Amino acid sequence: MGRARARGPYAKTPARRAEIVRAARDSFAENGYTKASLRDIAERAGITHAGLLHHFRNKEELLAEVLADRDAEEWQHGLEQVDAPDQLAPYLAELIRHHQNAPELMRLWIELAAAASRPDHPAHSYFVERYERGRTEFAEGCRGKDARGSLREGVSPESAAVLFHAVLNGLQLQWVLDQDLDIVGPVTDFVRLLFDHDDDRA
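Scoring rules and cut-offs
- Residues numbered from 1 in each chain as written.
- Predicted model: local features only at pLDDT ≥ 70, side-chain atom pairs only at ≥ 80, totals over all residues.
- Heavy atoms only, no water.
- Helix = DSSP H or I, 4+ residues; strand = E, 2+ residues; numbered from the N terminus.
- Buried < 20%, exposed > 50% of the residue type's maximum accessible area, 1.4 Å probe, protein only.
- Contact = heavy atoms within 4.5 Å.
- Phe/Tyr/Trp six-rings, centres within 6.5 Å; stacked < 30°, edge-to-face > 60°.
- Core = buried A, V, L, I, M, F, W, Y, C linked by side-chain atoms within 4.5 Å.

### Some words on the overall build of the protein chain
Along its length, the protein chain carries 10 helices and zero strands. Listed by position from the N terminus, the elements making up the protein chain come as α-α-α-α-α-α-α-α-α-α. The 202 residues of the protein chain split such that 39% are buried. Considering only residue pairs separated by 6 or more positions, the protein chain has 64% of its internal contacts joining residues 24 or more positions apart.

Structural data, given as structure tokens:
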């Protein structure tokens, strides 16, 4: 006989986990992390509180999954939208505006990234690997045929990758502190400074 499959709200399926993560993202965005409750998230996902705990042990684990899921979506979208240097600034402007529509999620991401700097934090390895992958992919993109010769003279692909993440994350932190601050303009200027354009050499 084959192994019996789990059924009902306790079935630990990717689809059910995805529903819970979407519900948690909505709850965190609307209520903030502190005020959002696991019972509210479970109700939004259409399962019991006990059913949610079958998939996620606590709210911190669920937050990490929400942010990782958002990262994965944005990573895939970026790969689809950007395949040349001149497409980077418009994409980043769109990404920042998207983040600004959910400032609580931006704040939670910053807080979790800082907390994960501790080696014993559950999300430490995730963030280390995330930044390593991001730097590698960005540096490789700078070496691609469409970017070859575009990177500002004297700037290595590796340095460009580190600078890119520092500027993007730093600007979003500044915006969380002061939401009247324009950060779309500065990120566009940064990309213009990072990559050499024909009009700069005219």
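### Details of the packing of aromatic side chains
In total, this model carries five aromatic pairs according to the counting rule given. Seen in terms of ring centroids, Trp109 and Tyr131 are 6.5 Å apart; in terms of plane orientation they differ by 70°. Their pairing is edge-to-face. Of the two residues, Trp109 is situated in helix α6 (residues 103-115) and Tyr131 in helix α7 (residues 124-143); the sequence distance between them amounts to 22 residues. Trp109 sits in the buried class, given a relative accessible area of 8%. On the basis of relative accessible area, Tyr131 is assigned to the buried category, the value being 19%. With a centroid separation of 4.5 Å and an interplanar angle of 15°, the aromatic rings of Phe138 and Phe164 are classed as stacked. Placement of Phe138 in helix α7 and of Phe164 in helix α8 (residues 157-177) is noted, with a sequence separation of 26 residues between them.

### As for the nonpolar core
General note: in soluble globular proteins, nonpolar side chains tend to be found buried as a group. In terms of nonpolar packing, the biggest core is built from 54 residues, with Phe28, Ile41, Leu92 and Phe138 touching the most fellow members. Of all elements in the fold, only α1 (14-35), α2 (38-45), α4 (59-81), α5 (88-100), α6, α7, α8 and α9 (184-194) reach the threshold of two or more residues within this core. What Phe28 contacts, discounting residues up to four positions off in sequence, is Tyr33, Ala36, Ile41, Lys59, Leu62, Leu63, Val66, Glu104, Leu105 and Leu108.

### Comments concerning the environment of Asn58
Mapped onto the elements, Asn58 comes out in the loop between α3 (49-55) and α4. Note on Asn58: relative accessible area 34%, which makes it partly exposed. Considering only alpha carbons, one finds Asn58 and Leu38, 20 residues apart in sequence, at a separation of 8.0 Å.

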